[in-house]
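# Coordinates in review
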Amino acid sequence: MGEAPLPPTRWALGGAKTSGYGARFAELIADGADVVGEARLADTLVERGATILDAGSGMGRIGAHLLSLGHRVTAAEPDPALVEQSRRTFPELPVIPLEILALSPEALAAAGAPLAYDLVVCVGNVLTFVAEDTEVAVLRRLGSLLAPGGRILVGFHLQQGPTTARVYPLDEFVADVAAAGLVVQHRFGGYDLRPVDDLYSVAVLAQG
Ligand SMILES: C[S@@+](CC[C@H](N)C(=O)[O-])C[C@H]1O[C@@H](n2cnc3c(N)ncnc32)[C@H](O)[C@@H]1O
């Protein structure tokens, strides 16, 4: 018997169609805008030449910047249009065309990717776009991909996020983190380490 198919992500159900995300970031990059704030924080969390997974890498802006800083970066993205955009825009960034729940050791090995990571980056509302009721499983899977001492950088809107994403209240997120066997090491209100607020949540997670 084969494995049960994975449930559709909220992104597949509507986010991709309505957000204009890929085109917006292509335009911002063409205009020379700063689109790598998340990557600057990610870079401070690791030693030089770290092994990094960009989980839900979208059009590749974060993974590509971390790669340019000398890290060994693997990107994983399930939306075929974004995989195509990422490969066209950042051909040097390896992208596994799979979603987080499909990142088994076998799948990573088949893609020639590391099985364990110093840092997993899961930013830009990825967690609010995963399939309904898979948040704990997604967090657990990300935790299972950490090297000893490895960490996860997560960021998503608490309010005023994309209309096709879920609202993910902070207390529910913190409970899901614990249910996934992880702990919250740090919390901020943005990638510039501003104090926590009720608009956006940045968290650094580690194995409990
Ligand atoms: C707003 S985009 C952000 C992309 C990228 N992280 C960035 O910040 O530029 C949300 C992304 O979440 C991805 N996503 C949603 N559910 C996912 C899952 N279960 N596994 C991997 N990626 C997922 C979507 O495919 C989409 O690329």
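In the block above lies the structure referred to throughout.
Residues numbered from 1 in each chain as written. Predicted model: local features only at pLDDT ≥ 70, side-chain atom pairs only at ≥ 80, totals over all residues. Heavy atoms only, no water.

One non-glycine residue with positive phi stands out, namely Asp133, at about 65°. Along the polypeptide, Asp133 turns up in the loop between strand E4 (117-122) and helix H7 (135-144). (Helix = DSSP H or I, 4+ residues; strand = E, 2+ residues; numbered from the N terminus.)

What follows deals with H7. The complete set of buried residues in H7 reads Glu135, Val138, Leu139, Leu142 and Gly143. In an axial view of H7, the angular spread of the buried residues amounts to 135°, which keeps them on one side of the axis. (Buried < 20%, exposed > 50% of the residue type's maximum accessible area, 1.4 Å probe, protein only. Arc of directions from axis to C-beta.)

Our focus in this paragraph is the pattern of salt bridges. Under the definition given, this model contains 8 salt bridges. Within this structure, Arg10, Glu135, Arg166 and Glu172 form a network of salt bridges that share partners. (Salt bridge = Lys/Arg side-chain N within 4 Å of Asp/Glu carboxyl O.)

Around the ligand, 17 residues are found, and the nearest of them are Tyr21, Gly56, Arg61, Glu77 and Val123. Backbone polar atom of Ile100 to a nitrogen atom of the ligand: 2.9 Å apart, as the coordinates give it. In isolation the ligand has 590 Å² of accessible area, and contact with the protein removes 97% of it. Residue composition of the shell around the ligand, grouped by class: 9 nonpolar, 5 polar and 3 charged. (Near = heavy atom within 4 Å. Polar contact = N/O pair within 3.5 Å; in protein donor to acceptor, adjacent residues only side chain to side chain. Areas by Shrake-Rupley, 256 points an atom, 1.4 Å probe, with all protein chains shown as cover. Nonpolar A, V, L, I, M, F, W, Y, C, P; charged D, E, K, R; others polar.)

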